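Geometric and topological summary
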Amino acid sequence: MSATRAPRAGDAVVASPVAELTRRLERAARPGGPFHPAALAALDRAEEFPADGCSVLDDFGLHDHYVPAALGGRLHQLTDVIALLRAVARHDLTTAVAHGKTLLGAASLWVAAGPEQAKEAAAAVLDGAVLSWALTERDHGSDLFASELTATPVPEGLRLDGEKWLINNATRGDRLCVLARTSPEGGARGFSVLLVDKRTLPAGSHTPLAKCRTHGIRGADISGIAFHGATVPASALVGAEGTGLETVLKALQLTRTVCTALSLGAADHGLRLAVRFTVERELYGRTLAELPRVRQILGDRAGAMLLAEAVAVLSARSAQTLPGELSAVSALAKAYVPTSTQATLDAFAELLGVRSFLTEAYADGMFPKLERDHRVVGIFDGSTLVNRSSLIEQFGSLVRGWKRGWADLDALGAAAALDRELPEFDPHALRLISSRGCGAVQALPVVVRACAELAEDGLLPAAVVEAARRLAEAAEPLHEEMSALRPGAGPAPTAAFHLAERYEALYAGAACLWLAVRNPDRLAAATADHDPLWHEARWIRAALGRALHGLGADPGDDAARACRELGDLLIAAPEAPLTLLDPSAPAAPARGEERENS
């Protein structure tokens, strides 16, 4: 993944991919279109795959953005594809899950495949191939070390025997990246990843397992596959034999980060439904939107949404500037963003009251569908519990990094500066454990000083500096408690998971501060009418309050005031996007646009 080329004189000015995809989705959401709420509700009731919706995404060329630019695709940085999948999830999470699985399925290839295999896989995805990631099994769940599906050497290559289950697009996918046991003893070097093209398998050597009926994402192809003597060539190996678990764990660092897009889009969808409802719903002679408590709830959740976006953005950009820290950062993002979003949806459900449960009473039942759909995001690519367990395993390096103040300030600055070009992504720089901890947290003293300097220049309110100091003060006792936990055999104690949850809030607050101090131009140029989220550091004040709340501290009066201001903004402009990113930057047209304009 390389940095996006800056526009040059004479370049044709076209809509950014996000703006163009948003336009197409809005057109497809009109009556009769595949993204219209009534059509989505009908698919959900029938538990039918959203084929027409996926066709809209294919025509746009969304799959081009699943392939790194170095391999001929349009994936320059993770924030780009996160913004695109977020736009889809803003309309329908089921379709985003169904189509985006190809990116997740291909991640192992981008991390570990040799040049020729990666080039061939990239060409297939660009041509529309659907990839799936076959990791889990019926009896073992997230315990990949217990996987039983075997790949045994035979003269023709490798013979596959066993099942993979609860696999997204297992039946509809053309190719699967399969984790297989290649050594009977298993262990860290006992598994390999194989790229299996189902179309080339001998007849009768594999059987699709029935689609599983699910509470949410009912139309997605959540099924499985059974192999019985299926032979694949030795060239199907992704990377060297025995490196499967390492490949998967590194690929998960990317996919966990991208999964935040699903939660961000779900929150956007829920916010739109909730705000519309409060504006339209009348009780006792006035609308819900006129009630101060309702505006406060909306503003609080807006602050939480912007804090979650800050986590997603800094984490995604860190993949290219601080790849060695991504094992910790991706676990933090995947645990924090879906959990925070679920709390946001719960708050919206209270505002909607009984209509949050009825499938036909409001907006074609989009909210109860959305709420059901989103619950699976916290499970994808490692549940919240799994990600917190991963973080707990890294407590030692996190504590050491804090005590020694380890931080690559240049790399952090590049990740946080939203207009800064990013270096080319280097998959070989990923590490199974972040030996240097989490720089964004460990450099909190630096970022607090930077806040104070911006305040002296009139770019940040004094309240932000005070909140930043309180955040840094909360970090010291938290690290002391983490240090007091001694690693031992067996499961981590409950207290460790509570500490991990607090550390997530600390990282979220740090992400907010880094975005604040590395984007002073946004602060300087913002006005009440232009960029109102950045005006008077409104989103920063509100988001910091939510971070402090997550640490068990009092958010303070200023944070509550900023949240009320956000609530007022939402009511005044219910259709305005709530995002820190600017989707309007020029970029090359997508494939579909080229065809449409021809």
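This text gives an overview of the structure that appears in the document. (Residues numbered from 1 in each chain as written. Predicted model: local features only at pLDDT ≥ 70, side-chain atom pairs only at ≥ 80, totals over all residues. Heavy atoms only, no water.)

Thoughts on the overall build of the protein chain
Summing up its helical and strand segments, the protein chain has 22 helices and 10 strands in all. Each of the three principal axes of the protein chain carries a C-alpha extent, and together these read 70 × 60 × 55 Å. Out of the 598 residues in the protein chain, the part that is buried amounts to 57%. Taking the contacts inside the protein chain whose residues are at least 6 apart along the sequence as the reference set, 79% of them involve residues at least 24 apart. (Helix = DSSP H or I, 4+ residues; strand = E, 2+ residues; numbered from the N terminus. Buried < 20%, exposed > 50% of the residue type's maximum accessible area, 1.4 Å probe, protein only. Contact = heavy atoms within 4.5 Å.)

What to know about helix H20 (residues 538–550)
Side chains that are three or four residues apart share a direction in an α-helix, a result of its 3.6 residues per turn. Helix length check: H20, at 13 residues, gives a terminal C-alpha distance of 19 Å against a target of 18 Å (1.5 Å per residue), a fit within 8%. The first or second residue beyond H20 is Gly552, which carries a positive phi of 85°. (Expected span 1.5 Å × (residues − 1).)

Considering the packing of aromatic side chains
Going through the model one piece at a time under the given rule, you end up with two aromatic pairs. Ring geometry for Phe277 versus Tyr362: centroids 5.3 Å apart, planes at 75°, classification edge-to-face. Of this pair, Phe277 sits in helix H8 (residues 260–280) while Tyr362 sits in the loop between helix H10 (326–352) and helix H11 (366–374); the two residues are 85 residues apart in sequence, bridging distant segments of the chain. Of the residues examined, Tyr362 reaches a relative accessible area of 12% and is grouped as buried. (Phe/Tyr/Trp six-rings, centres within 6.5 Å; stacked < 30°, edge-to-face > 60°.)

Side note on the pattern of salt bridges
Applying the stated criterion to the full structure yields 29 salt bridges. Across the salt bridge formed by Arg159 and Asp161, the nearest N and O atoms sit 2.8 Å from each other. With relative accessibility at 33%, the residue Arg159 sits in the partly exposed group. Between Arg388 and Glu504 there is a salt bridge, with the nearest N and O atoms lying 2.6 Å from each other. Of this pair, Arg388 sits in helix H12 (residues 384–393) while Glu504 is found in helix H18 (residues 494–517), placing the two residues 116 residues apart along the sequence. Each of Arg538, Arg541, Asp558, Arg561 and Glu565 takes part in a single network of salt bridges with overlapping partners. (Salt bridge = Lys/Arg side-chain N within 4 Å of Asp/Glu carboxyl O.)

Comments concerning the nonpolar core
Counting 179 residues, the largest nonpolar core has Leu109, Leu444, Tyr503, Trp539 and Ile540 as the members making the most contacts within it. Element by element, the count of residues in this core is highest for H18, at 17 residues. Those residues within four positions of Leu444 in sequence are excluded, and the remaining contacts are Trp402, Leu471, Ala472, Ala475, Leu506, Ala510 and Leu513. Within the second largest apolar cluster, 19 residues are counted, among which are Phe227, Ala230, Val232 and Ala236. (Core = buried A, V, L, I, M, F, W, Y, C linked by side-chain atoms within 4.5 Å.)

Observations regarding the pairing of strand E5 (residues 191–197)
With seven of seven residues buried, E5 is to be regarded as a mostly interior element. With burial as the criterion, each face of E5 is covered, one bearing Phe191, Val193, Leu195 and Asp197 and the other bearing Ser192, Leu194 and Val196. Inspection of the sheet shows strand E4 (residues 175–181) paired to E5 by seven bridges, in the antiparallel sense. Across the sheet, Cys177 pairs through a bridge with Leu195, a residue of E5. Two strands pair when backbone bridges link them, and E5 and strand E8 (residues 237–238) are joined in this way by two bridges, in the antiparallel orientation. Looking at E8, one finds that Leu194 is bridged to Leu237. (Pairing = 2+ DSSP bridges.)

Topic: H12
Within the span of H12, buried status applies to Thr384, Asn387, Arg388, Ser390, Leu391 and Ile392. In the core, the buried residues of H12 are packed alongside helix H7 (244–258), H10, helix H13 (395–404) and H18.

Comments concerning the side chain of His479
Here His479 shows up in helix H17 (residues 462–484). Apart from residues no more than four positions distant in its own chain, His479 is found in contact with Leu398, Val399, Trp402, Val441, Tyr503 and Leu506.

With respect to the environment of Gln117
Its location among the elements puts Gln117 in helix H6 (residues 115–126). In this structure, the C-alpha to C-alpha distance between Gln117 and Ala236, residues 119 residues apart in sequence, is 8.4 Å. Ignoring sequence-local partners within four residues, the contact set of Gln117 consists of Leu109, Leu195, Ser235, Ala236, Leu237, Val238 and Gly239.

Points about the packing of H7 against H8
The N-to-C vectors of H7 and H8 enclose an angle of 5°; their axes lie 4 Å apart at closest approach. Of the possible angle classes, the one that applies to H7 and H8 is roughly parallel. Of the residues in H8, those touching H7 at Arg256, Thr257 and Val258 are Thr260, Ala261 and Leu262. Of the residues contributing to the contact of H7 with H8, the split by class is three nonpolar, two polar and one charged. (Axes fitted to C-alpha atoms, helices over the stretch in contact; angles between N-to-C directions. Parallel < 35°, antiparallel > 145°, perpendicular 65-115°, else oblique. Nonpolar A, V, L, I, M, F, W, Y, C, P; charged D, E, K, R; others polar.)

Digging into unusual backbone geometry
Even without being a glycine, Asp381 presents a positive backbone phi close to 50°. Relative to the elements of secondary structure, Asp381 occurs in the loop between H11 and H12. If you check the backbone angles, Ala537 has positive phi at about 55° while not being a glycine. You can see Ala537 is positioned in the loop between helix H19 (520–525) and H20.

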